[in-house]
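These are the residues of each chain, in order.
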Amino acid sequence: MTQLPKFDVVSIDDLSTAEIERIFALADEFAARLAAGETRELGQGRIMATLFYEPSTRTRLSFESAMHRLGGAVLSAPDMKASSAAKGESLADTVRVVAGYADLIVLRHPHDGAARVAAEYAPCPVINAGDGSREHPTQTLCDLYILRKKKGRLKGLTVALCGDLKFGRTTRR
């Protein structure tokens, strides 16, 4: 099996409008197949590792269930306090080692910029599932996708944001 292209999702700002639209088109296609009772085997033979340095049940399970629905497998580290990180292993070393077991890494970390560091050192794609107070780009993509589905477009909309605007990951940009 070929290696996945090194396409990290660290920040929403890293994605072009065309890339976001392509992601939305894939989501539409997957939703239609799922509604028709079809399974998609895009992940067949692939392994995703979830490294969660801070708790987040919904985010971790959403990634893991998505990979299973795609026909892939999951290695989960839901509590990095029970890993080599607890003995002082650096994030760079952890992602290099984990990349030897997995085709893709999903990272949740309490420190700002941790996902960028992981992407720099991991030879496989890294998806940011929230780093510090900075970003949660996949949640942003989900929010944009739902807005587009409900309103039929994204351009020209006026949107009100509520919640923790200073520290909320999805409302930072």
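Details of the structure are given in the entry above.
These numbers come from a predicted model, not from an experiment. (Residues numbered from 1 in each chain as written. Predicted model: local features only at pLDDT ≥ 70, side-chain atom pairs only at ≥ 80, totals over all residues. Heavy atoms only, no water.)

A. Molecular detail of the pattern of salt bridges. Applying the stated criterion across every chain yields a total of eight salt bridges. Of the charged contacts, one joins Asp28 and Arg148 as a salt bridge, the two residues approaching to 3.1 Å between their closest N and O atoms. In this pair, Asp28 sits in helix α1 (residues 17–35) while Arg148 sits in helix α5 (residues 137–151), placing the two residues 120 residues apart along the sequence. On the basis of relative accessibility, which here comes to 25%, the residue Asp28 falls in the partly exposed class. With its nearest N and O atoms 3.3 Å apart, the salt bridge here joins Glu54 to Arg108. A residue pair is termed long-range when its members are at least 10 positions apart, and Glu54 in the loop between β1 (47–52) and α2 (57–69) and Arg108 in strand β3 (residues 104–109) qualify at 54 residues. Classification of Arg108 as buried rests on a relative accessible area of 9%. Connected through salt bridges with shared partners, the residues Asp28, Arg148 and Lys149 form a single ionic network. (Salt bridge = Lys/Arg side-chain N within 4 Å of Asp/Glu carboxyl O. Helix = DSSP H or I, 4+ residues; strand = E, 2+ residues; numbered from the N terminus. Buried < 20%, exposed > 50% of the residue type's maximum accessible area, 1.4 Å probe, protein only.)

B. Expanded view of the side chain of Arg60. Note on placement: Arg60 falls in helix α2. Of the residues examined, Arg60 reaches a relative accessible area of 17% and is grouped as buried. Polar side-chain contacts of Arg60 include one of 3.5 Å to the side chain of Ser76. Not counting the four nearest positions on each side in its chain, Arg60 is found in contact with Thr50, Phe52, Ser76 and Pro78. (Polar contact = N/O pair within 3.5 Å; in protein donor to acceptor, adjacent residues only side chain to side chain. Contact = heavy atoms within 4.5 Å.)

C. Spotlight on the sheet that holds strand β2 (residues 73–77). Judged by pairing direction, the sheet is parallel, and its four strands sit side by side in the order β2-β1-β3-β4 without closing on themselves. The open sheet has two free edges, formed respectively by β2 and β4 (126–131), since each of these has just one partner strand. On average, each strand axis in the sheet is tilted by 15° relative to the strand beside it, whichever way the strands run. For β1 and β3, the ladder comprises five bridges, and the chain directions are parallel. When the sheet's bridge partners are listed, Phe52 is paired in β3 with Arg108. Of the strands in this sheet, β1, β2, β3 and β4 touch α2, which is tilted by about 175° from β1. (Pairing = 2+ DSSP bridges. Axes fitted to C-alpha atoms, helices over the stretch in contact; angles between N-to-C directions.)

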